[in-house]
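Below are the chains, spelled out letter by letter.
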Amino acid sequence: MLTLTQSDIELSARAATKEDAIRKAGCVLVAGGHVAPGYIESMLGRESQANTYLGNGIAIPHGMPKDRDLICKTGISVVQFPEGVEWNPGETVRLVVGIAASSDEHLGILANLTNVLDDPATASRLAETSCTSEIIAALMGTPAPAAPVGGDANGPFVDVVVRGTSGLHARPAAALAGIAQGFSSTIQIAFNGRSASAKSVASLLKLGVAGGETIRLFASGADEADALKAIEEAISSGLGDELHQAPAKPNALPEWIPVTAGRVIQGVSASGGFAIARIYRRQLTRIAVADGVEAGDEPQRFREALAIANAQLGDISEAVESRIGKSEAGIFKAHQAILNDPELVADVETWIADGHSASWAWQHCIDSRIAALRESSNVLMAARASDMADIGQRVLGILNPSDNVIDNLPDEPVILVAEDLLPSDAARIDPRRVVALCTAAGGPTAHTSIIARSLDIPAVVAAGPGVLDLASGILCVIDGSAGKLYVEPSAADLESAETFLGHLNENKNEVYAQRYQPAVTTDGYRIEVVASIGGPADAAEAIEAGAEGVGLLRTEFFFLGRETPPTEDEQFEALVSMLNALDGLPLIVRTLDIGGDKVVPYLDLPREDNPFLGIRGIRLCLRRPELFKPQLRAIYRASLVGPVKIMFPMVATLDELRAAKALAEEARQEIGADPVEIGIMIEVPSAALMADEFAREVAFFSIGTNDLTQYTLAIDRMHPDLAKAADGMHPAVLRLIDMTVKAASCAGKWVGVCGGLAGNPDAAVVLVGLGVTELSMPKVNVPAVKARLRGVSLTDARAAAANALSGAA
């Protein structure tokens, strides 16, 4: 039986923001031994997905289902904010109840909490009381007496079992209420002598229904039969709660405790993990450039640097979104927006035209904007100064590669210590040489932290200026999860730390060790898991990571970082190199996809107000046959060496497909090669809506969920403010995927997914449930996705997909 004690409650707290309030609630959970420190970030992540405000000044922040392994034992924390904290516009919270639930033990307290919601006077009293026992009594007391069923108890009803282990908690209750609100009938749910309106989240929570319990649904009205059927199906499918968790992980190891008392620098956990290494202290350096014209074509150097910077930021954004989340990836999309500011670019080009070097002109324009931002009285605008500085250093680093100080590291692996790191620094870190990060400044949501998590290396931030006094070369132990840097550990501590690290690596390597096992569901359904790559070097690494081939080769990377287009021979040699590395595994080659967020200066493409709706993908290839035809010839030449498939990007009409196929046939006949399978990317709604027609003319579909999402939801995925709302799991997007799969199935064709969703283990389950048979993703995601799919059945994947299609997920 879960109990609430005085140590679980903090009175008279203050918080400037909702994030501060959630962190305080999380810290109480950590102090009580309920959760690991990383659970606090999970609570913030959940808040970005769903509003946890219940009403009457009460909020119930809790973590994401995928992070249940961070819960040590079920518990709650209560933090009182008498002065209130703004949760959302118009919502002021005075009582924050943090929840860490690995079971259904908390549901009784949650039911009592919803009783408080019905009594504004009690809610107000608890928000001001100076007595913890009063809060304990309110939340641990007996629930209110049962109320009579509002509908006709003798009318139609159905009994249904609530699936899962968590019961009818906040998220599934909200999903159920949303479905019920779509019907005009009065709908009630009865449980254990009590009843609640199915259209009220607060009322549903009050029931305290645990997983596996049976509830009775009553409906009375014109659409009562439809209402009962829809709600019964929704509850049976799980109401958007996780039907299965990832394969069981070994129990989390406790925080490492040194044998002897030594010097410890306490910071803030930014990325979990554990490492033992000597430190390398780096001072923040600014790339300085002299005025004057440098050797080479300065306008061309500047345009190439912008293109490379754009590509780098795009790659970082996609990797971070896939491994961490859309919100964290948004910072890099904002950087791209700044980088492509037409006024900034025009100013730089003006200075270059006046005889200055590209480096000097860029730095001059960036510095002037940084100064203006820092002088702004608008806090948000002033904060953008650091983003501008980072972008400035990124482009300067490309223009002056010899000044790349991150590459000047010792040969042995190190813990990199710095005042702070810019993303352009952190993005270049090689995790084989930098095994951990520790910074004096920064925060767990800062750029350094994001990169550290994407690289899967431990990081401690906000360690204070004392860390900068440490001399390079001293041996340290860093515990990223605990936010601690242990300075010069004793021999006994070092031995203990090495043993601890060995256990951690065993746990971490368990999934990786199984990376070559196929992704076969528990009921025997196999899914092909392949990699999305950008060049020859990636092919061998993808296979090493467990990929079963290449589902997307981005050939545009052949065109970047050079002054002229690659020749047919160069492209052929690159393809053959990859085929040799794949050793008979399939290679799907996407033809040139330039435009939108990908810019190649030497192609002299006209500037477009909205490049995502302009000449890109197959449209560009059909208009530039001098680029398209050599690439097609190279592909067909490569098909004589190994298994190759062709995939056309951004196809919106049948005319585009037929024109592209005609050019491909010309190239095939010129080479004398056998036909190869030709497919298209499903990236625009028109292609999904006409999938049945397209399916008659292609061998396969590969769904690019990134572009399909932005075109379906009318949200620019590069927009710094809106991009996080471009959710590939939106029902509208999933319904287009469902439509595509069904059309392909009728024609006997297969469907893959090569967008960001494919590399998300939970999204992969939904995609498989929709009938997708191939998933292509960054190589780092392959082991985790395969392991996730091995832990579910096709039956449950289909149930998850049905739930997601309904909008309840």
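How each quantity is defined
Residues numbered from 1 in each chain as written. Predicted model: local features only at pLDDT ≥ 70, side-chain atom pairs only at ≥ 80, totals over all residues. Heavy atoms only, no water. Helix = DSSP H or I, 4+ residues; strand = E, 2+ residues; numbered from the N terminus. Contact = heavy atoms within 4.5 Å. Areas by Shrake-Rupley, 256 points an atom, 1.4 Å probe, with all protein chains shown as cover. Phe/Tyr/Trp six-rings, centres within 6.5 Å; stacked < 30°, edge-to-face > 60°. Buried < 20%, exposed > 50% of the residue type's maximum accessible area, 1.4 Å probe, protein only. Lys NZ or Arg CZ within 6 Å of the ring centre and 35° of its normal. Salt bridge = Lys/Arg side-chain N within 4 Å of Asp/Glu carboxyl O. Pairing = 2+ DSSP bridges. Core = buried A, V, L, I, M, F, W, Y, C linked by side-chain atoms within 4.5 Å. Axes fitted to C-alpha atoms, helices over the stretch in contact; angles between N-to-C directions. Left-handed = near helix turned anticlockwise from the far one by under 90°. Nonpolar A, V, L, I, M, F, W, Y, C, P; charged D, E, K, R; others polar.

Draft legend 1. Layout of the overall build of the protein. From N to C terminus, the protein includes 28 helices and 26 strands. A fraction of 71% describes how many contacts in the protein between residues 6 or more apart in sequence connect residues 24 or more apart. On the protein, roughly 32,700 Å² of surface is accessible, and the fraction owed to carbon and sulfur atoms is 52%.

Draft legend 2. Spatial organisation of the packing of aromatic side chains. One pass over the structure, following the stated rule, counts 8 aromatic pairs. Aromatic side chains Phe274 and Phe500 sit 4.8 Å apart centroid to centroid with 65° between the ring planes, which places their arrangement in the edge-to-face category. Placement of the pair is Phe274 in strand 12 (residues 274-282) and Phe500 in helix 16 (residues 491-513), with a sequence separation of 226 residues. An identical accessibility class is assigned to Phe274 and Phe500; each is buried. Geometrically, the ring pair formed by Trp351 and Trp360 is edge-to-face, given 5.4 Å between the ring centres and 70° between the ring planes. Residue Trp360 is classed as buried on the basis of its relative accessible area of 18%. A cation sits over an aromatic face here: Arg515 above Tyr512, 3.9 Å from the ring centre. Over the ring of Phe572 we find Arg637; its NZ or CZ atom is 4.1 Å from the centre of that ring.

Draft legend 3. Structural context of the pattern of salt bridges. Counted under the stated rule, the structure contains 28 salt bridges. Between Glu19 and Arg23 there is a salt bridge, and its shortest N-O distance comes to 3.1 Å. Here Glu19 and its partner Arg23 are both found in helix 1 (residues 18-31), 4 residues apart, which amounts to about one turn of the helix. Classification of Glu19 by relative accessible area gives partly exposed; the value is 34%. Between Asp738 and Lys742 there is a salt bridge, with its nearest N and O atoms 3.0 Å apart. With Asp738 and Lys742 both in helix 25 (residues 731-746), this residue pair falls 4 residues apart, about one helical turn. Overall, the relative accessible area of 13% leaves Asp738 in the buried class.

Draft legend 4. Representation of the pairing of strand 20 (residues 550-554) in the model. Within strand 20, 5 of the 5 residues are buried, which leaves it mostly tucked inside the rest of the structure. The sheet contact formed by strand 19 (residues 526-533) and strand 20 spans 3 bridges and is parallel. Looking at strand 20, one finds that Ala531 is bridged to Val550. The sheet contact formed by strand 20 and strand 21 (residues 587-590) spans 3 bridges and is parallel. Each residue of the ladder has a partner; that of Leu553, found in strand 21, is Val589.

Draft legend 5. Seen up close, the nonpolar core. Of all hydrophobic cores here, the largest spans 97 residues; its most connected members are Leu575, Phe648, Phe701, Ile737, Leu775 and Leu789. Not counting chain neighbours up to four residues away, the residues in contact with Ile737 comprise Ile703, Thr705, Leu708, Leu767, Leu770 and Val772. Residues Leu339, Val345, Trp360 and Ile366 belong to the second largest nonpolar core, which totals 26 residues.

Draft legend 6. Quick look at the packing of helix 18 (residues 568-582) against helix 20 (residues 625-639). The N-to-C vectors of helix 18 and helix 20 enclose an angle of 35°; their axes lie 8 Å apart at closest approach. Both helix 18 and helix 20 take part in a crossing whose hand is right-handed. On helix 20, the residues that touch Glu568, Asp569, Gln571, Phe572, Leu575 and Leu579 of helix 18 are Pro630, Gln631, Arg633, Ala634, Ile635, Arg637 and Ala638. Of the residues assigned to the contact of helix 18 with helix 20, the class counts are 7 nonpolar, 2 polar and 4 charged.

Draft legend 7. Representation of the sheet that holds strand 13 (residues 414-418) in the model. Taking strand neighbours across the sheet as the criterion, the 8 strands line up as 10-17-16-12-13-14-15-11 in an open arrangement whose pairing is mixed. One side of each edge strand has no neighbouring strand; the edge strands of this open sheet are strand 10 (263-266) and strand 11 (268-271). Adjacent strand axes in the sheet meet at a mean angle of 30° when their direction is disregarded. Relative to strand 17 (residues 484-487), strand 16 (residues 475-479) runs antiparallel, the two being bridged by 4 bridges.

Draft legend 8. Seen up close, the sheet that holds strand 4 (residues 75-88). Spatial ordering of the open sheet is given by 1-4-5-3-2, a layout of 5 strands whose pairing is mixed. At either end of the open sheet lies a strand with only one pairing partner, and these are strand 1 (9-10) and strand 2 (53-55). Both strand 3 (residues 58-59) and strand 5 (residues 91-100) contribute to a ladder of 2 bridges, which runs parallel. Within the sheet, the bridge partner assigned to Ala59 lies in strand 5 and is Val96. Docked against the sheet, helix 4 (residues 120-128) engages strand 3, strand 4 and strand 5, running at close to 75° with respect to strand 5.

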